[in-house]
Amino acid sequence: AIEDGCVSNTVGINEIQTSYSIQISPNPMDEKTMVSFGGEKHPEKMQLLDISGRIIRTYSIQNSPIIIEREDLSPGSYFLLFQGQYSDMRKIIVR
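Criteria and cut-off values
- Residues numbered from 1 in each chain as written.
- Predicted model: local features only at pLDDT ≥ 70, side-chain atom pairs only at ≥ 80, totals over all residues.
- Heavy atoms only, no water.
- Helix = DSSP H or I, 4+ residues; strand = E, 2+ residues; numbered from the N terminus.
- Pairing = 2+ DSSP bridges.
- Axes fitted to C-alpha atoms, helices over the stretch in contact; angles between N-to-C directions.

Student: Can you help me understand unusual backbone geometry in this one?
Tutor: Across the chain, the bulk of peptide bonds are trans and the bulk of non-glycine residues have phi less than zero. With an omega dihedral of -5°, the bond running from Ser-25 to Pro-26 counts as a cis peptide bond. Along the polypeptide, Pro-26 turns up in the loop between β3 (21–25) and β4 (32–38). For the bond running from Asn-27 to Pro-28, omega is 15°, close enough to zero to count as cis. The topology assignment puts Pro-28 in the loop between β3 and β4. For Glu-71, which is not a glycine, the phi torsion comes out positive at approximately 45°. As for its placement among the helices and strands, Glu-71 is situated in the loop between β7 (66–69) and β8 (76–83).

Student: Could you clarify how one ought to interpret the sheet that holds β8 in this entry?
Tutor: Backbone-to-backbone hydrogen bonds pair the strands of a sheet. The strands run either parallel or antiparallel. The sheet built from 4 strands is open, its strands ordered β6-β5-β8-β9 with antiparallel pairing. Looking along the sheet, the strands with just one partner apiece sit at the ends: β6 (55–60) and β9 (87–94). Each strand of the sheet is rotated relative to its neighbour by a mean of 20°, with strand direction disregarded. As defined by bridge partners, strand β5 (residues 45–49) adjoins β6 across 5 bridges and the pair is classed as antiparallel. Bridge pairing in β6 places Leu-49 opposite Ile-55.

What is shown is where atoms sit, not what they do.
Spelled out as structure tokens, the structure:
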């Protein structure tokens, strides 16, 4: 097809998954929060990091959802680092 003087031979485009579908609820959390994954792929490992990047907890992911208990977490901001075929990071807040 010719559009605006350019030749286009696009037959089709397949959408490529480049990250995980991650849901965190509730966020901010009081006593616990649930991390679940949509889609076919999920990370192999999840790490809870404090604001300075120190690893607080590591979770091996076999099934979804993962429950994060507050336990000894102080109020503040934390990060969840997801690792596997892709890497992803999300912020969580503890009240």
